[in-house]
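Examining the three-dimensional arrangement
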Amino acid sequence: MPTYDKLTIVNNALICSGNEPVTGDDGSPQWTVASTAYDRALPLVMEKGGWTFQSGTANLVRVGASAYPGYTDIYAKPVDCLHIENVWRTDLAAYVFPRSGFDESGQGAMPPKLDYKIIGNQIHAYAPNGLTCLYIQIPEPYGQSGTWPPGFAEAVTRQVEVYLLAGLNEDLDAAKLAQTLL
């Protein structure tokens, strides 16, 4: 699997948007705009794309009592959390057994349903015996892509292109058109 780093993605986007590639942080307008575009595009594409290669589960740490009606507990999100996919009570998950097939919604065994709210970047729920979550992780280390699936790297590159068309080329029409192709 190819390795995609920030410089490679930035240069691919620069070239595809009709700009000259850079050799790194050279202080040029191309680098300044493209680096900022990359830093904006990466979390956006991670969150909106439903990418599973950066998913993880974690038992959450209780940090206090909730004042929100119907909820009793507040839990901290994982420190490397970009987006919460699902949350469930840890004690009830033991009663869910895997199935060999899928239900009518196309899902296999799912954690028990839980009503929760994210307030102030913390998870409020009724979960006196613990909470577990499925979440999308911030790529580690942040800003370095390492080995990503080619489709994800392409999605980040395309989003960087959109930002370059608007910010560096000052061509809002081309940026809008490129955005519709994402």
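Preceding this paragraph is the structure being described.
Attention here is on the structure that accompanies the text. (Residues numbered from 1 in each chain as written. Predicted model: local features only at pLDDT ≥ 70, side-chain atom pairs only at ≥ 80, totals over all residues. Heavy atoms only, no water.)

Notes on the nonpolar core
Core analysis: the largest hydrophobic core is formed by 22 residues, its most contacted members being Y38, W148, V156 and V160. Those elements that place two or more of their residues in this core are α1 (6–16), α2 (29–49) and α4 (150–167). Top element by residues in this core is α2. It accounts for 8 residues. Core analysis: the second largest hydrophobic core is formed by 13 residues, A58, V87, L114 and L131 among them. (Core = buried A, V, L, I, M, F, W, Y, C linked by side-chain atoms within 4.5 Å. Buried < 20%, exposed > 50% of the residue type's maximum accessible area, 1.4 Å probe, protein only. Helix = DSSP H or I, 4+ residues; strand = E, 2+ residues; numbered from the N terminus.)

Looking at the sheet that holds strand β4 (residues 81–89)
Spatial strand order, β1-β7-β4: 3 strands in an open sheet with antiparallel pairing. Looking along the sheet, the strands with just one partner apiece sit at the ends: β1 (55–59) and β4. Recorded for the sheet is a direction-independent mean angle of 25° between the axes of neighbouring strands. Relative to strand β7 (residues 131–137), β1 runs antiparallel, the two being bridged by 5 bridges. Looking at β7, one finds that S55 is bridged to I136. (Pairing = 2+ DSSP bridges. Axes fitted to C-alpha atoms, helices over the stretch in contact; angles between N-to-C directions.)

Digging into unusual backbone geometry
Notably, N121 is not glycine yet its phi reads approximately 65°, a positive angle. Counting through the fold element by element, N121 comes out in the loop between β5 (116–119) and β6 (122–125). The exposure class assigned to N121 is exposed, which follows from its relative accessible area of 52%.

Regarding the sheet that holds strand β2 (residues 61–65)
Strand order in the open sheet formed by 4 strands is β2-β3-β6-β5, with antiparallel pairing between adjacent strands. A strand with exactly one partner marks an edge of an open sheet, and here the two such strands are β2 and β5. Ignoring strand direction, the axes of neighbouring strands in this sheet form an average angle of 35°. Relative to β6, strand β3 (residues 73–76) runs antiparallel, the two sharing 4 bridges. Bridge pairing in β6 places Y75 opposite I123.

A short note on α1
Residues of α1 that are buried: K6, I9, V10, N11, A13 and L14. Where the residues of α1 are buried, they touch α2 and α4. Trailing α1 by a residue or two, G18 shows a phi angle of about 85°, which is positive. (Contact = heavy atoms within 4.5 Å.)

A word on the pattern of salt bridges
Within this structure, the stated rule accounts for 4 salt bridges. Here E161 makes a salt bridge to R158, at a shortest N to O gap of 3.8 Å. Of this pair, E161 and R158 both sit in helix α4, 3 residues apart, which is roughly one turn of that helix. Judged by relative accessible area, which is 10%, E161 ranks as buried. Residue R158 is classed as partly exposed on the basis of its relative accessible area, which comes to 24%. (Salt bridge = Lys/Arg side-chain N within 4 Å of Asp/Glu carboxyl O.)

Some points on the environment of L14
If you trace the backbone, L14 turns up in helix α1. Assessed through its relative accessible area of 0%, L14 is described here as buried. Here the alpha-carbon distance between L14 and L168, two residues 154 residues apart in the chain, equals 9.4 Å. If near-sequence neighbours (up to four positions away) are discounted, L14 is found in contact with N19, E20, P21, V22, Q30, A34, L164 and L168.

Section: the packing of aromatic side chains
This structure, assessed with the given rule, holds 1 aromatic pair. The side chain of R40 reaches across the aromatic face of Y163, ending 3.9 Å from its centre. (Phe/Tyr/Trp six-rings, centres within 6.5 Å; stacked < 30°, edge-to-face > 60°. Lys NZ or Arg CZ within 6 Å of the ring centre and 35° of its normal.)

Keep in mind these values describe shape, not function.
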